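Listed here are the chains, written in short residue letters.
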Amino acid sequence: MKITVDVVTLFPVFFESPLQESLLKKAQDKGLVAFNIHDLRQWTHDRHKTADDKPFGGGAGMVMKPEPIFECVEEIGKDAWVVLLDPQGEPMSQKLAQKLAKKKHLVLIAGHYEGVDQRVKDHLIDQEISVGDFITMGGEAPALCLIEAVTRLIPGVLGNEDSVQHESFQTGILEYPHYTRPREYRGWKVPDVLVSGNHKEVDLWRRKAAEQVTRQKRPDLLKSSLRRKK
Ligand SMILES: C[S@@+](CC[C@H](N)C(=O)[O-])C[C@H]1O[C@@H](n2cnc3c(N)ncnc32)[C@H](O)[C@@H]1O
């Protein structure tokens, strides 16, 4: 087993279908990754399985209580890198996915409501990660995003490891455009060079096209890639 990912959530059913489809399923079948989805309510102590409470100081919304989260992570997460999905966290990136793909054991905590009690952030987790400057309803979709990004970087998960090397962000810039059959569709033709059979020319075209598309859509990436090369 290469990586174990434990997910802590109030909504375990959310993960059922996505983890049973496509490459995430195959990665588990091949023994490259194991996913354990934990219902946080198992670590509550009252008969209503209460995992949230009103915020001290008043205000709208509920806050996830610290005790079940601490007890759960202390039980399942020994030696794990513990991540809280949180909009205030480090922005998710391909670089971060690469770092996480090297860990043996990840625990991902999905928040809900107004989020988790601050003491979880201060005294339990190793890292907060955000999937972008927007707010989702819970940490489940962000956790899945992270799972997808990390799992596909585990050697053996993708059929063709080579494809990762050229992908957007992996190289620092965006990837070149792709075309497939038919060679002409509604009068729109595939660039001649791609059907020329000349691999050198194809490589050159792709390098230039990647730069052009990055210049158009994400000039910021091009600038930081140039800075890195200097
Ligand atoms: C409604 S949000 C709470 C937002 C919080 N009150 C704030 O303003 O920062 C509930 C949960 O969704 C998850 N979440 C929302 N947006 C996220 C993002 N951009 N990245 C990662 N997790 C996010 C977190 O786990 C969070 O605890």
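Here the structure is a predicted model, which means the values were calculated and not measured.

### Regarding the overall build of the protein
Summing up its helical and strand segments, the protein has nine helices and nine strands in all. Seen along its three principal axes, the alpha-carbon backbone of the protein occupies a region of about 70 × 40 × 40 Å. Counting across all 230 residues of the protein, residues that qualify as buried make up 40%. Of the accessible surface of the protein, which amounts to about 14,300 Å², a share of 52% is contributed by carbon and sulfur atoms. For the protein, the centre of its 34 positive side-chain charges and the centre of its 33 negative side-chain charges are spaced 10 Å apart.

### Focus: the domain arrangement of the protein
For the protein, the domain assignment lists domain 1 (3-151) and domain 2 (162-229). A C-alpha centroid distance of 35 Å is found between domain 1 and domain 2.

### Let's talk about the site of the ligand
Around the ligand, the structure places 20 residues, and the nearest of them are Leu 85, Gly 111, Glu 114, Gly 132 and Phe 134. Taking Gly 111, its main chain carries an N or O atom lying 2.9 Å from an oxygen atom of the ligand. Interatomic distance of 3.0 Å between a backbone N/O atom of Glu 114 and a nitrogen atom of the ligand. Relative to its unbound accessible area of 580 Å², the ligand is 84% covered by the protein chains. Within the residue set of the shell around the ligand, elements represented by two or more residues are β5 (81-91) and β7 (127-130).

### Topic: the pattern of salt bridges
For the structure on display, the rule yields eight salt bridges. The shortest N-O distance in the salt bridge between Lys 25 and Asp 29 comes to 2.9 Å. Taken together, the positions of Lys 25 and Asp 29, both in helix α2 (residues 22-29) and four residues apart, correspond to about one turn of that helix. Note on Lys 25: relative accessible area 29%, which makes it partly exposed. Take Asp 29: its relative accessible area is 55%, and that puts it in the exposed class. With a closest N to O distance of 3.3 Å, Glu 67 and Lys 65 form a salt bridge. Using a relative accessible area of 35% as the deciding quantity, one classes Glu 67 as partly exposed.

### Topic: the side chain of Ser 130
By the secondary structure assignment, Ser 130 is in strand β7. Leaving out residues up to four positions away in the same chain, Ser 130 has contacts with Asp 86, Pro 87, Gly 89, Glu 90, Pro 91 and Met 92.

### Some thoughts on helix α3 (residues 66-76)
Residues Pro 66, Pro 68, Ile 69, Phe 70, Cys 72, Val 73 and Ile 76 constitute the buried set of α3. Looking at the buried residues of α3, the elements they touch are β1 (3-9), β2 (33-39), β4 (63-64), β5, β6 (105-110) and α5 (118-123).

### Some thoughts on the packing of aromatic side chains
Applying the stated criterion across every chain yields a total of two aromatic pairs. Arranged with centres 6.2 Å apart and planes meeting at 55°, the rings of Tyr 185 and Trp 188 form a pair that is tilted. Taking relative accessible area as the criterion, Trp 188 reaches 59% and is therefore assigned exposed. It is Lys 103 that lies over the ring of Trp 81; its NZ or CZ is 4.0 Å from the centre.

### As for the sheet that holds β2
Strand pairing in a sheet is mediated by backbone hydrogen bonds. Such pairs are either parallel or antiparallel. Spatial strand order, β2-β1-β6-β5-β7: five strands in an open sheet with parallel pairing. What marks the edges here is a single partner per strand, and that holds for β2 and β7. Strand after strand, the sheet turns through a mean of 30° between neighbouring axes, direction not considered. In this structure, β5 lies alongside β6, joined through five bridges in parallel fashion. By the bridge assignment, Val 82 is partnered in β6 with Val 107. Against the sheet, α3 contacts β1, β2, β5 and β6, and its axis sits at roughly 165° relative to β6.

### Notes on a positive patch on the surface
There is a patch of like positive charges on the surface, built from Lys 95, Lys 99, Lys 223, Arg 227 and Arg 228. Broken down by secondary-structure element, the contributors of at least two residues to the positive patch are α4 (94-100) and α9 (219-229). For the positive patch, the leading source of residues is α9, giving three residues. Turning to its location among the elements, Lys 223 is positioned in helix α9.

Calculation notes
Residues numbered from 1 in each chain as written. Predicted model: local features only at pLDDT ≥ 70, side-chain atom pairs only at ≥ 80, totals over all residues. Heavy atoms only, no water. Helix = DSSP H or I, 4+ residues; strand = E, 2+ residues; numbered from the N terminus. Buried < 20%, exposed > 50% of the residue type's maximum accessible area, 1.4 Å probe, protein only. Areas by Shrake-Rupley, 256 points an atom, 1.4 Å probe, with all protein chains shown as cover. Lys, Arg positive; Asp, Glu negative; His and termini not counted. Charge placed at Lys NZ, Arg CZ, Asp CG, Glu CD. Domains from an automatic or database assignment. Near = heavy atom within 4 Å. Polar contact = N/O pair within 3.5 Å; in protein donor to acceptor, adjacent residues only side chain to side chain. Salt bridge = Lys/Arg side-chain N within 4 Å of Asp/Glu carboxyl O. Contact = heavy atoms within 4.5 Å. Phe/Tyr/Trp six-rings, centres within 6.5 Å; stacked < 30°, edge-to-face > 60°. Lys NZ or Arg CZ within 6 Å of the ring centre and 35° of its normal. Pairing = 2+ DSSP bridges. Axes fitted to C-alpha atoms, helices over the stretch in contact; angles between N-to-C directions. Patch = residues over 30% accessible without salt bridge, like charges linked within 9 Å, V, L, I, M, F, W, Y side chains within 5 Å.

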